[in-house]
Amino acid sequence: MIERRLGAPVTASSTAGGGFTRAFAGVLETATGARAFVKAAPVQEPAAEAYEREASITSLLPPEVAAPRFRWALEAEGYFVVCLDAIDGHVPVMPWRAEELQAALDAWQTAITALHEPPKALRLPAVAHLVRDQLCWWSEIAAGRAPLPAAPAWVAGKLDELARLEQALPAMLAGHGMMHGDLRIDNVIIDGDGKAWLCDWAWPCIGQPWFDTVTLLVTAYASGHDVDRLVDAPAEGVDGVLAVMSGHWLVSAASGPSSASPHQRQHQAFSGRQALAWLAERRGWSAIDLGAAEPA
């Protein structure tokens, strides 16, 4: 069925690097030399729903957005399959190279402008609602409704401030622009000309796009870049995103083995700790504030 849609027999395939799903995602090459990026998952798995959502969203993105273009989708033999243009390039490696980070930020800024008015056919959730209803984990922990996950020892002494930051964030996220919703290093491809492409549009929402900028820059912070100069957002908003996402990542990392990927929990733990480190630096929390030993 897939070969019929591609128009020729498949002669080679290569799975995509990065990402956190056990479903198939990779580039197929046919006997004619044509290439396509194909994703496939059993229809009963959550990945199939995400692929179906990505297919409908990608088909509506304006041409200014640097994203792989939708070609076709089908359901056959218990699988949902989506086909996109194949981008000849690579996922950025850690530590981020300055030119690749800038290319990713440039692509995202162009997308922000193009998506200031989202496609009218899309009905997307508000990021403010998602944060308030699903992501305020430090508030839950501070109130005793959830256990403290594995985290730096100083976090226990900062729970009230972390909770305050995340509770203030939803009001700052109100907006009408379309966000990517999952912007991170493994959802970026750098092509042979150095241009960045933004992939995996399965979780977009409505709100302030600087939320995505901050989540992307967590790995740039971990790479040693001066990230504070790269984000244009209210200071309390940046701190709020770092508080919210650190809690989300660390709680997720502590939730047991992932059915998506054996590396997902490790990535979440790393991202959560880096977000906390960036937040502590921004807030000017000293070693004493963080519960570290006082210098002799």
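Residues numbered from 1 in each chain as written. Predicted model: local features only at pLDDT ≥ 70, side-chain atom pairs only at ≥ 80, totals over all residues. Heavy atoms only, no water.

Take the sheet that holds strand β8 (residues 188–191) next. Taken together, three strands build an open sheet; the order of strands is β6-β8-β9 and the sheet is antiparallel. Of all the strands in the sheet, the pair left with one neighbour each is β6 (89–90) and β9 (196–198). Across three bridges, the pairing between β8 and β9 is antiparallel. In the sheet register, I190 faces β9, and the bridge partner there is A196. Helix α3 (residues 98–114) contacts β6, β8 and β9 of the sheet and is inclined by roughly 50° relative to β9. (Pairing = 2+ DSSP bridges. Helix = DSSP H or I, 4+ residues; strand = E, 2+ residues; numbered from the N terminus. Contact = heavy atoms within 4.5 Å. Axes fitted to C-alpha atoms, helices over the stretch in contact; angles between N-to-C directions.)

Next up on the list: the pairing of β8. Here β8 shows two buried faces, one formed by V188 and I190 and the other by I189 and D191. Where β6 and β8 come together, two bridges link them in antiparallel fashion. Looking across to β8, one finds that G89 is bridged to D191. Linking β8 to β9, which pair antiparallel, is a turn of four residues; within it G194 sits at a positive phi near 85°. (Buried < 20%, exposed > 50% of the residue type's maximum accessible area, 1.4 Å probe, protein only.)

Right, let's talk about the side chain of K39 for a bit. In this structure, K39 sits in strand β3 (residues 35–42). Within the structure, the side chain of K39 is placed 2.8 Å from the side chain of E54, a separation counted as a polar contact. Of the polar contacts made by the side chain of K39, one reaches the side chain of D200; its length is 2.4 Å. When sequence neighbours within four positions are dropped, the list of residues in contact with K39 reads F24, A25, Y51, E54, F80, V81, V82 and D200. (Polar contact = N/O pair within 3.5 Å; in protein donor to acceptor, adjacent residues only side chain to side chain.)

Right, let's talk about the pattern of salt bridges for a bit. On inspection of all chains with the given rule, the structure shows 16 salt bridges. Residue K39 is joined to E54 by a salt bridge in which the shortest nitrogen-to-oxygen separation is 2.8 Å. Of this pair, K39 sits in strand β3 while E54 sits in helix α2 (residues 46–58), placing them 15 residues apart in sequence. Residue classification places E54 among the buried residues on the basis of a relative accessible area of 4%. A salt bridge links D133 to R132; its shortest N-O distance comes to 3.0 Å. Overall, D133 belongs to the exposed group, its relative accessible area being 55%. (Salt bridge = Lys/Arg side-chain N within 4 Å of Asp/Glu carboxyl O.)

So, about helix α8 (residues 235–253). Across its 19 residues, α8 extends 27 Å between first and last C-alpha, which sits within 8% of the 27 Å expected from 1.5 Å per residue. Summarising burial for α8: 15 of the 19 residues are buried, a large majority. (Expected span 1.5 Å × (residues − 1).)

Here we take up unusual backbone geometry. Omega for the bond connecting M94 with P95 falls within 30 degrees of zero, at -5°, which places this linkage in the cis form. Along the chain, P95 turns up in the loop between β6 and α3. Unusually for a residue other than glycine, E77 sits at a positive phi of about 50°. Here E77 is to be found in the loop between β4 (70–76) and β5 (79–84). At D200, a residue that is not glycine, the phi angle is positive and equals roughly 60°. Judged by its relative accessible area of 24%, D200 falls in the partly exposed class.

Let's shift gears to helix α9 (residues 264–283). Between its first and last C-alpha atoms α9 spans 28 Å; for 20 residues at 1.5 Å apiece the expected length is 28 Å, and the two agree. On its buried face, α9 is in contact with α5 (137–142), α6 (159–172), α7 (210–222) and α8. Looking one or two residues past α9, G284 carries a phi angle of roughly 70°, positive in sign.

Side chains of nonpolar character tend, in soluble globular proteins, to be buried together. By size, the foremost hydrophobic cluster in this structure holds 68 residues, and its most contacted members are V131, W138, W201, F211, L217 and W278. Ranked by the residues each element gives to this core, the list is headed by α8, at nine residues. If we skip the residues at most four places from it in the chain, W201 touches R53, E54, I57, T58, L61, V65, A67, W108, L115, M178, M179 and H180. Grouped together as the second largest cluster of nonpolar side chains are 13 residues, A23, F37, A47 and A86 included. (Core = buried A, V, L, I, M, F, W, Y, C linked by side-chain atoms within 4.5 Å.)

All right, on to the packing of α8 against α9 then. The interhelical angle for the contact between α8 and α9, taken along N-to-C directions, is 150°, at an axis separation of 8 Å. Classified by the angle between their axes, α8 and α9 sit roughly antiparallel to one another. Our pair here, α8 against α9, has a crossing hand that is left-handed. Taken together, the residues of α9 that come into contact with α8 (itself represented by A235, E236, V238, D239, L242, A243, S246, W249, L250, S252 and A253) are R265, Q268, A269, S271, G272, R273, A275, L276, W278, L279, R282 and R283. The class makeup of the residues in the contact of α8 with α9 is twelve nonpolar, five polar and six charged. (Parallel < 35°, antiparallel > 145°, perpendicular 65-115°, else oblique. Left-handed = near helix turned anticlockwise from the far one by under 90°. Nonpolar A, V, L, I, M, F, W, Y, C, P; charged D, E, K, R; others polar.)

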